[in-house]
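Structure assessment
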Amino acid sequence: MLGVGEQFMNEWYSLFRMIIWYAEERDRKKLGGPGTVVEMDCAETGRFRKGIHGHKSFIREDLMAIIERGSSRLVMELFDTLKDQDDWCRRFGPEKILEVTPLPTQWTTPGGALCTDGCKAYVKAAKAAGLEHHYVDHSRGEYSRKGKINGKMDVVHSNTVDGPWAHWKNWYRAKRGVRQTYLNQYVWEFVWRWNNKHECPFHLLLAELRQK
């Protein structure tokens, strides 16, 4: 036994997340571009828990992700970090244009194509970001179809972005609860791990420490 206390490990892990947050924010680049395809989707994270006087309260946060086909580079953000108005509030349910527009306009390069599900809010979001929009209607059981993307035949689907969602939910569930104030740090850590999954995290962390 090394005799390392729980408090020390928590402080070290907190430092680790802060370094990752800085590195991911510094190195983050826009996705897509002419001739490329990106996929976008939203998901919920959280759980039911017993509230006051035995009533159930639903503690959850909504996430939005964009992934680039081919490179699998990922950008993921909480809805709350994308708001551009002080009185803006996330409404659970189908996404609004105001909610989905900031991420593609900030983190995609115009000229490419965007594949999504059938949510109507994505249509204007793609137009605002300068992207050619294609979608599949999950409500009708459509999950992929052939179509012209960027002027050539390709497959329209949003299955690529479903991969990070599955990994995120399993990774987040293993934490057995995360404080809401720290949730954004965990999101950035997951994105950093995903975008560097072919590298050794320990070696990358040492490289970041050498730069400090």
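A few points on the structure. As the structure is a prediction and not an experimental result, all values here were calculated from the model.

Comments concerning the overall build of the protein
Of the regular secondary structure elements, the protein holds eight helices and nine strands. Counting all 212 residues of the protein, 40% fall into the buried class. A sequence separation of at least 24 residues applies to 56% of the contacts in the protein between residues at least 6 apart.

Describing helix H6 (residues 162-173)
Along its twelve residues, H6 runs 17 Å from first to last C-alpha, staying within 8% of the 16 Å computed at 1.5 Å per residue. Every buried residue belonging to H6 is among Pro164, Trp165, Trp168, Trp171 and Tyr172, and all of these are buried. Down the axis of H6, the sector holding all buried residues measures 135°, keeping them to one side.

Some points on helix H1 (residues 6-27)
Because each turn of an α-helix spans 3.6 residues, side chains separated by three or four positions end up pointing in the same direction. In this model, H1 (22 residues) spans 31 Å end to end at C-alpha, consistent with the 32 Å of a helix rising 1.5 Å per residue. Taken as a whole, H1 has its buried residues at Phe16, Arg17, Ile19, Ile20, Ala23 and Glu24. All buried residues of H1 project into a common sector of 165° when viewed along the axis, lining one side. More than 90 degrees from the buried face of H1, the exposed residues found are Gln7 and Glu25. Contacts from the buried residues of H1 go to helix H7 (183-195) and helix H8 (201-211).

Focus: unusual backbone geometry
At Ser72, a position not held by glycine, the phi torsion is positive, near 60°. Along the chain, Ser72 falls in the loop between strand S3 (56-68) and strand S4 (74-78). The phi torsion at Asn150 lies on the positive side, around 55°, for a residue other than glycine. Secondary-structure assignment places Asn150 in the loop between strand S8 (144-149) and strand S9 (152-157). Take Asn150: its relative accessible area is 23%, and that puts it in the partly exposed class.

A word on the pattern of salt bridges
Inspection of every chain in the model, using the stated rule, returns nine salt bridges. The salt bridge involving Glu208 is made with Arg26; its shortest N-O contact spans 2.7 Å. One end of the pair, Glu208, is in helix H8; the other, Arg26, is in helix H1, with 182 residues separating them in the sequence. When its relative accessible area of 10% is taken as the criterion, Glu208 is described as buried. One salt-bridge network, held together by shared partners, links Arg26, Asp27 and Glu208.

A look at the side chain of Glu24
Structurally, Glu24 is set in helix H1. Of the buried charged residues, Glu24 lacks a salt bridge, with Arg28 as the closest side chain of opposite charge at 4.0 Å. Apart from residues lying up to four places away in sequence, Glu24 is in contact with Trp188, Val191, Trp192 and Asn195.

Some thoughts on the layout of surface pockets
To find leftover empty space, a probe the size of one water molecule is rolled over the atoms. For the second largest pocket, the calculated volume is near 250 Å³. If you tally residues by element for the lining of the second largest pocket, the top one is H1, at four residues. Considering only residue class, the lining of the second largest pocket consists of six nonpolar, two polar and seven charged.

Observations regarding the nonpolar core
Counting residues in hydrophobic clusters, the biggest one holds 19 residues, and the most contacted among them are Leu63, Leu74, Met76, Trp165, Trp168 and Phe190. Mapped onto this core, the elements with two or more residues apiece are S3, S4, H6 and H7. Once residues within four sequence positions are removed from consideration, Leu63 is found in contact with Asp41, Cys42, Ala43, Thr45, Met76, Glu77, Leu78, Phe79, Trp165, Trp168 and Val187. In this structure, Leu31, Cys42, Val75 and Phe79 belong to the second largest nonpolar core, which totals 18 residues.

A short note on the packing of H1 against H8
Where H1 meets H8, the closest approach of the two axes is 11 Å, and the angle between their N-to-C directions is 80°. If you check the angle between H1 and H8, you find them roughly perpendicular. Each of Trp12, Phe16, Ile19, Ala23, Arg26 and Asp27 in H1 lies in contact with H8, whose residues at this interface are Leu205, Glu208, Leu209 and Gln211. Each residue belonging to the contact of H1 with H8 can be placed in one class, and the counts come to six nonpolar, one polar and three charged.

Reading the values: rules and limits
- Residues numbered from 1 in each chain as written.
- Predicted model: local features only at pLDDT ≥ 70, side-chain atom pairs only at ≥ 80, totals over all residues.
- Heavy atoms only, no water.
- Helix = DSSP H or I, 4+ residues; strand = E, 2+ residues; numbered from the N terminus.
- Buried < 20%, exposed > 50% of the residue type's maximum accessible area, 1.4 Å probe, protein only.
- Contact = heavy atoms within 4.5 Å.
- Expected span 1.5 Å × (residues − 1).
- Arc of directions from axis to C-beta.
- Salt bridge = Lys/Arg side-chain N within 4 Å of Asp/Glu carboxyl O.
- Lys, Arg positive; Asp, Glu negative; His and termini not counted.
- 1 Å grid on protein atoms, 1.4 Å probe; cavity = no way out; pocket = protein on both sides within 12 Å on 5 of 7 lines; lining within 4 Å.
- Points joined across faces, edges and corners; volume = space filled by probe spheres on them.
- Nonpolar A, V, L, I, M, F, W, Y, C, P; charged D, E, K, R; others polar.
- Core = buried A, V, L, I, M, F, W, Y, C linked by side-chain atoms within 4.5 Å.
- Axes fitted to C-alpha atoms, helices over the stretch in contact; angles between N-to-C directions.
- Parallel < 35°, antiparallel > 145°, perpendicular 65-115°, else oblique.

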